[in-house]
Amino acid sequence: PLEYVRGSHNWGDGRVGSANQFFQSDGGHALLKSAAEREGLDISDLNFVSMAGLKAGGISIHDGRTWHGSKKNESNNRPRRGLGLHFVPAEVNFTEDALKSSLWKSYVRDAENASEVVLPEEDFPITWSNTSTSADS
């Protein structure tokens, strides 16, 4: 089942690694241990919250900075399905780290400066803006 680490959304931005590492045999716990240590925490003191009771068709919502993951699906006939929706501020910019990401690289590959790339609205629709007026709605 999906697990979260309570309070980890408040940790600093010193996260390292990639999604591929979260699906390693240790479930990404080496990365989690490293991040916890950078926060001055011992992994044995972390509070894991399991979504084991989530029923089929249920939903779980979390801050993207929350450490989360699950072990390998051991079922031979019950595939795991998930849908991720990510919301980012309308004024967000890529960083040079986007070049290292298989997910974001295609957006910045040909740019001289990744931070100047405008996110294409067909992939990143603006769902809300605090600058909108009543005439915009």
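Draft legend 1. Local environment of helix α2 (residues 29-38). When α2 is considered as a whole, its buried residues turn out to be Leu31, Leu32, Ala35 and Ala36. The arc that holds every buried residue of α2, seen down its axis, measures 135°, which confines them to one face.

Draft legend 2. Examining the sheet that holds strand β1 (residues 3-5) more closely. Taken together, three strands build an open sheet; the order of strands is β2-β1-β3 and the sheet is antiparallel. Strands at the two margins of the open sheet, each flanked by one partner only, are β2 (48-50) and β3 (68-69). In terms of strand pairing, β1 meets β3 through two bridges, oriented antiparallel. If you follow Glu3 over to β3, its bridge partner there is Gly69.

Draft legend 3. Representation of the pattern of salt bridges within the structure. Applying the stated criterion across every chain yields a total of three salt bridges. Linking Asp63 and Arg65 is a salt bridge whose minimum nitrogen-to-oxygen distance equals 2.8 Å. Of the charged contacts in the structure, one is a salt bridge between Lys100 and Asp97, with a shortest N-O distance of 3.1 Å. The class for Lys100 is exposed, based on a relative accessible area of 69%.

Draft legend 4. Representation of the packing of aromatic side chains. Tallied over the full model, the rule gives six aromatic pairs. Between Phe94 and Tyr107, the aromatic rings sit 5.8 Å apart at their centres with planes inclined by 20°, giving stacked as the arrangement. Separated by 13 residues along the polypeptide, Phe94 in the loop between β3 and α3 (105-108) and Tyr107 in helix α3 bring together distant segments of the chain. Considering the side-chain rings of Trp104 and Tyr107, the 6.2 Å spacing of their centres and the 40° angle between planes classify their relative orientation as tilted. Among the aromatic residues, ring-to-ring pairing joins Phe94, Trp104, Tyr107 and Phe124 into one connected group.

Draft legend 5. Geometry of the nonpolar core. Judged by nonpolar contacts, Val5, Trp11, Leu31, Leu32, Ala35, Ala36, Leu46 and Trp67 together constitute the single largest core of eight residues. Considering every element that reaches this core, the biggest residue donor is α2, with four residues. Of all hydrophobic cores here, the second largest spans seven residues; its members include Ala98, Val108, Val117 and Phe124.

Draft legend 6. A nonpolar patch on the surface, seen in detail. Among the surface-exposed residues, Leu83, Leu85 and Phe87 lie close enough to one another that they form a single nonpolar patch of about 440 Å² accessible area. Judged by its relative accessible area of 66%, Leu85 falls in the exposed class.

Draft legend 7. Broad picture of the environment of Asn47. Among the structural elements, Asn47 can be located in the loop between α2 and β2. When its relative accessible area of 38% is taken as the criterion, Asn47 is described as partly exposed. Put simply, Asn47 and Gly7 are 40 residues apart on the chain and 8.3 Å apart in space, counted from C-alpha to C-alpha. Residue contacts for Asn47: discarding those within four places in its chain leaves Tyr4, Val5 and Arg6.

The rules we used
- Residues numbered from 1 in each chain as written.
- Predicted model: local features only at pLDDT ≥ 70, side-chain atom pairs only at ≥ 80, totals over all residues.
- Heavy atoms only, no water.
- Buried < 20%, exposed > 50% of the residue type's maximum accessible area, 1.4 Å probe, protein only.
- Helix = DSSP H or I, 4+ residues; strand = E, 2+ residues; numbered from the N terminus.
- Arc of directions from axis to C-beta.
- Pairing = 2+ DSSP bridges.
- Salt bridge = Lys/Arg side-chain N within 4 Å of Asp/Glu carboxyl O.
- Phe/Tyr/Trp six-rings, centres within 6.5 Å; stacked < 30°, edge-to-face > 60°.
- Core = buried A, V, L, I, M, F, W, Y, C linked by side-chain atoms within 4.5 Å.
- Patch = residues over 30% accessible without salt bridge, like charges linked within 9 Å, V, L, I, M, F, W, Y side chains within 5 Å.
- Areas by Shrake-Rupley, 256 points an atom, 1.4 Å probe, with all protein chains shown as cover.
- Contact = heavy atoms within 4.5 Å.

Keep in mind that these numbers describe shape and distance, not what the molecule does.
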